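# A closer look at the structure
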Amino acid sequence: MTTNTKASASEIRQALAQCTGSEHWYRHLLVRAFIYTDGAETFAEMAGAYWFRDTVATEVRPFQKREEFIVVTLAVTGSKARITADDGNGRVFWTRDIEFTDCPEGDWKFYLANNTFHVPSEY
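Before going into details, it helps to say that this report is about the structure given with it. The model shown is predicted, which means the values in this text are computed figures rather than measured ones.

### Here we look at the packing of helix α2 (residues 38-47) against helix α3 (residues 50-60)
For any two helices packed against each other, one specifies the inter-axial angle together with the distance between the axes. One can describe the packing of α2 onto α3 by two numbers: an axis separation of 7 Å at closest approach and a directional angle of 135°. The orientation of α2 relative to α3 falls into the category oblique. Each of Glu41, Phe43, Ala44 and Glu45 in α2 lies in contact with α3, whose residues at this interface are Tyr50, Phe52 and Arg53. Residue composition of the contact of α2 with α3, grouped by class: four nonpolar, no polar and three charged.

What follows is the structure, given as structure tokens:
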């Protein structure tokens, strides 16, 4: 018998609200220029969404060459998701649809600035 160890959306939101700075900075194993914070690590771990962080590292981070500040949103409805990247003023320049995920439902927002991926409360 297996158990689902993922946290609920409300548990994740409560944990992310506590992320107001980062004690640790993590470097992505494959994309060494991509750094992420405790908040981004907390989300990946609690939501079982390491794939999301990898997608941002490999597909969104290259836009840092032309966009200094990027808002990355993971919108999960049911078992489907959409990742969008915008310039912080609502101009979406990249989108990826995910056909299946077990990530908790909701709109999850992150910032990417200076090749560092973090939750808004850490900015």
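### Here's the deal with the packing of helix α1 (residues 9-17) against α2
Direction vectors running N to C along α1 and α2 enclose 165°, while the axes themselves pass 10 Å from each other. With respect to their mutual orientation, α1 and α2 come out roughly antiparallel. Of the two possible hands of crossing, α1 and α2 adopt the one that is right-handed. The segment α1 lies against α2, with Glu11, Ile12, Ala15 and Leu16 engaging Gly39, Thr42, Phe43, Met46 and Ala47. A breakdown of the residues in the contact of α1 with α2 according to their chemical character gives six nonpolar, two polar and one charged.

### Examining the pairing of strand β6 (residues 106-113)
Taken across its eight residues, β6 has six buried, putting it largely inside the fold. As paired elements, β6 and strand β7 (residues 116-118) share three bridges and run antiparallel to each other. Each residue of the ladder has a partner; that of Ala113, found in β7, is Thr116. As consecutive antiparallel partners, β6 and β7 are separated by two residues, and within that stretch Asn114 has a phi angle of approximately 55°, a positive value.

### Some details on α2
Because an α-helix completes one turn every 3.6 residues, residues spaced three or four positions apart along the sequence face the same direction. Of all 10 residues that make up α2, seven are buried, and the element is covered over most of its length. Taken from the residues just after α2, Gly48 is the one with a positive phi, measuring 65°.

### What to know about the sheet that holds β7
Taken in spatial order, the seven strands line up as β1-β2-β7-β6-β3-β4-β5 in an open sheet, and their pairing is mixed. Every other strand in the sheet has two partners, leaving β1 (25-27) and β5 (92-98) as the edge strands with one partner each. Strand-to-strand, the axes of this sheet are offset by a mean angle of 20°, without reference to chain direction. In this structure, strand β3 (residues 69-77) lies alongside strand β4 (residues 80-86), joined through seven bridges in antiparallel fashion. Paired with Val76 across the bridge in β4 is Ala81. Lying on the sheet, α2 is in contact with β1, β2 (35-37), β3, β6 and β7; it crosses β2 at an angle near 80°. Against the sheet, α3 touches β2, β3, β4, β5, β6 and β7, its axis set at about 140° to β3.

About the cut-offs
- Residues numbered from 1 in each chain as written.
- Predicted model: local features only at pLDDT ≥ 70, side-chain atom pairs only at ≥ 80, totals over all residues.
- Heavy atoms only, no water.
- Axes fitted to C-alpha atoms, helices over the stretch in contact; angles between N-to-C directions.
- Helix = DSSP H or I, 4+ residues; strand = E, 2+ residues; numbered from the N terminus.
- Parallel < 35°, antiparallel > 145°, perpendicular 65-115°, else oblique.
- Contact = heavy atoms within 4.5 Å.
- Nonpolar A, V, L, I, M, F, W, Y, C, P; charged D, E, K, R; others polar.
- Left-handed = near helix turned anticlockwise from the far one by under 90°.
- Buried < 20%, exposed > 50% of the residue type's maximum accessible area, 1.4 Å probe, protein only.
- Pairing = 2+ DSSP bridges.

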